[in-house]
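Structure at a glance
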Amino acid sequence: MKKSMMSQEAAEWASAALVFVCGATAGHYAQAGMNMTQWAGAVVAVLGSITVAVAVRVWPEKTASQKAERD
């Protein structure tokens, strides 16, 4: 019987932490001075982390029949 490695709540908190860390890191390096390539990378990192956070929250929950098939 397989069990989920991570609960939904833990995934939501982890994705929120990812957004915070990416934003804080990008902000720190922006304050220190970045060129256009670094800015583009920072924007991609922040948007990617936001995408992960949204995906974690809107991913459809498994139905009872899907859970029974998995177990």
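Structure: above.
The structure reproduced in this document is the subject of the present report.

In terms of helices and strands, the protein chain carries 3 helices and 0 strands. Overall, the protein chain shows an N-to-C arrangement of helices and strands of α-α-α. Scored against the burial criterion, the 71 residues of the protein chain give a buried share of 13%. Carbon and sulfur atoms make up 67% of the accessible area of the protein chain, which amounts to about 5,800 Å² in all.

For the rest of this paragraph, the subject is a nonpolar patch on the surface. Among the surface-exposed residues, Met36, Trp39, Val43, Leu47, Ile50, Val54 and Val58 lie close enough to one another that they form a single nonpolar patch of about 690 Å² accessible area. Tracing the sequence through the fold places Val58 in helix H2 (residues 36-58). Judged by relative accessible area, Val58 falls into the exposed class, the value being 60%.

Cut-off values and rules
Residues numbered from 1 in each chain as written. Predicted model: local features only at pLDDT ≥ 70, side-chain atom pairs only at ≥ 80, totals over all residues. Heavy atoms only, no water. Helix = DSSP H or I, 4+ residues; strand = E, 2+ residues; numbered from the N terminus. Buried < 20%, exposed > 50% of the residue type's maximum accessible area, 1.4 Å probe, protein only. Areas by Shrake-Rupley, 256 points an atom, 1.4 Å probe, with all protein chains shown as cover. Patch = residues over 30% accessible without salt bridge, like charges linked within 9 Å, V, L, I, M, F, W, Y side chains within 5 Å. Salt bridge = Lys/Arg side-chain N within 4 Å of Asp/Glu carboxyl O.

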